Structure formats: structure tokens, C-alpha cells
Amino acid sequence: MINYALVIYMKKQLRGTLALLCGTSIWGLAFIAQSVGMDLIGPFTFQAIRCGLAVIFLFLLTLVFDFKIGIRKSLAKWKNKRLWIAGAVCGSALFIAASLQQIGLIYTDPGKAGFLTAMYIVLVPMLGIFVHRKPGMNAVFSVVLALVGLYLLSFMGVSAINVGDLFLIGCALAFAVQILLIDKFAGDMDGLRLNCVQALVVALLSLPWMLLTEELNMGNILACWLPLCFAGILSMGVAYSLQIVGQKNLEPTTASLIMSLESVFAALGGWLILHNTMTARELLGCGLVFAGVIISQLPMKRKTA
């Protein structure tokens, strides 16, 4: 009986790890898709369309998975009020995070943006104070390391700072909130439907900003169909669903550690595909930020009496 329980536990761990690894690799490469896409269209136009594509994809996917029970019973599952409340709350946080990230990518290359966004892993234990989860000394030390890394990454001179870096730091904070909200609300909810609702919220919140602040050009939109499909179907549709699945099957510390690899995939993707380069100062900054991300997730030894 004990061995059977251990096997079940190991399967859940493996399932969660693989889900987050797949989702993280997609997110890392999505930095490139977002950066390339915004060479042609505005950030809110990109965001509204990508999330609209994700909603369509996820809705159709629920019908496919529910094929055996029929369309009527599948549609009835959408009547869960908790699903819509959780989706609205998580989607609002995701809208803020994704919007700041989209704008930040206008000024910052994908590799650097990936490392800055990874700051959410450092911020999660800090925000945990407000839900009665006091961080250990390793978390405090990781923040110091990350702040030094951010200085090396962001400051061009004695006082100058890249405006895109500020947006991405705000993005990291919003993503930290979104991760804690997923942890709180996901529970035993249908991951696909929860992600579909939060994608719908992001799309709806993006529409007014798109119409009021950006010029719509159908030719440019069609020209970046590939980045839109990658960021919409794979990043928003698949990867965020995998995040929900992963967080259900893994301890928060383990899940956060795996998700931090997003920055590595972003840097590698920017180097391999876009041929981006980084100075020695920026590479050192990336290293310190990544070290802070890792250290914040390491268990702290407790003194025994």
C-alpha cells in the first residue's frame, strides 16, 4: 500500500514537472514572438488578438476533450460561478502583467526581458508575507542578489535607466500576484476552462486600449500571423494551461523553480534566433538575477535544539 502511494506521488511529480517544463520553454520562446510581432502592430493589438485566439483554441479544446459526454453537458460545465470569479480575478492580474511585458518588450530585447520577468520568482516569497508565509533568510538574500543584478542590467549610467526595464519590473510584480492567485483559486478546477476565462478577461480588457491608443492596420496584422498564433495558441493557450496543471501537481517551491527557467529559454532563443548580444555587465546582471531566483527557492536549514 505504501509503495502504491509512492508510485502515485511520483507520477504526479513527474506529470507536474513535465507540464511546467513544456510551458516554460514555450514562454521563453514567446518573448521572441512578441518582440517580432510588435515590430508591426501595437502591444494591445497584439495582446487582444493573441488572447482572442487562445479563447477560441481553448473553447474548442474543451469540446474535443468532452466529446464522450456530448456538447450539452460540456457547455453546462461553464455555469460554474467559482470558475468565472477565479478567472476574472486571475485574468485581471494577468492583464496587468502581460500589458507591462508587451510594452517593455518594445524597448528591451527578449533575453534581457526574460531575466527581468523571472524576478516574479523572487517576489513570490516576499508577497507571501501578506498571506502569513514569512520568507526565510535565503529569500531575503536572494532579493539583495537580484537587486544588484537589476542594477547591472538596467542602469545605463550613474542614474539613467531603460524605461522598458521599469515596465518589466512591474510586470514581474504583477506575475507574482497572478501566481499566488492561481495557487489560491485553481484547486480542483478545470485547468483549460480557467485559462480560457482568464484569457477572455485579458482580451476584453485589452480592447479599449487597442481602440483608443493604437492604429489598426489589417495588412500588418496579417503579416505577423505566425507570432500571433505562437503567442496566442501555444503561449497563452497551451503554456498557461500547463502552468495550472503543474501548480496542481507540485509543491509551490518546486513549481516556481522550474518556471524560473523561462529566462534561460528566452536568452537562448534570443541568441539562436534573433542573434542578440549582451555586454559583460549585462551578462553578470543576468547571472546575479538568476542566482537570486534559484537561492530564493532553496530550503533553509533550521537549527535544532
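Just so you know, these numbers come straight off a predicted model, no measurement behind them. (Residues numbered from 1 in each chain as written. Predicted model: local features only at pLDDT ≥ 70, side-chain atom pairs only at ≥ 80, totals over all residues. Heavy atoms only, no water.)

**Student:** A description of the packing of helix 4 (residues 81-107) against helix 8 (residues 163-185) should follow, citing residues and the corresponding values.
**Tutor:** For the pair helix 4 and helix 8, the least separation of the axes is 7 Å and the interaxial angle reads 160°. In terms of orientation, helix 4 lies roughly antiparallel with respect to helix 8. Our pair here, helix 4 against helix 8, has a crossing hand that is left-handed. (Axes fitted to C-alpha atoms, helices over the stretch in contact; angles between N-to-C directions. Helix = DSSP H or I, 4+ residues; strand = E, 2+ residues; numbered from the N terminus. Parallel < 35°, antiparallel > 145°, perpendicular 65-115°, else oblique. Left-handed = near helix turned anticlockwise from the far one by under 90°.)

**Student:** Before we move on, could you go through the pattern of salt bridges and cite the residues and values that matter?
**Tutor:** Within the structure shown, the criterion is met by three salt bridges. Close ionic contact of aspartate 66 with arginine 193 constitutes a salt bridge, the shortest N to O distance being 2.8 Å. Remark: arginine 193 occurs in helix 9 (residues 191-213) and aspartate 66 occurs in the loop between helix 2 (43-65) and helix 3 (71-76); sequence separation between them is 127 residues. A residue is classified by how much of its surface remains accessible, and aspartate 66, at 9% relative accessible area, is buried. Using a relative accessible area of 2% as the deciding quantity, one classes arginine 193 as buried. (Salt bridge = Lys/Arg side-chain N within 4 Å of Asp/Glu carboxyl O. Buried < 20%, exposed > 50% of the residue type's maximum accessible area, 1.4 Å probe, protein only.)

**Student:** Break down the packing of aromatic side chains for me, with residues and values.
**Tutor:** Centre distance and the angle of the planes are the two values used to describe a pair of aromatic rings. By the definition in use, this model includes four aromatic pairs. Geometrically, the ring pair formed by tryptophan 78 and tryptophan 84 is tilted, given 6.3 Å between the ring centres and 50° between the ring planes. Given a relative accessible area of 12%, tryptophan 78 falls into the buried group. Within the aromatic cluster, the residues linked to one another by ring pairs are Phe59, Trp78 and Trp84. The lysine or arginine in question, lysine 184, covers the ring of phenylalanine 185, its NZ or CZ lying 5.8 Å from the ring centre. (Phe/Tyr/Trp six-rings, centres within 6.5 Å; stacked < 30°, edge-to-face > 60°. Lys NZ or Arg CZ within 6 Å of the ring centre and 35° of its normal.)

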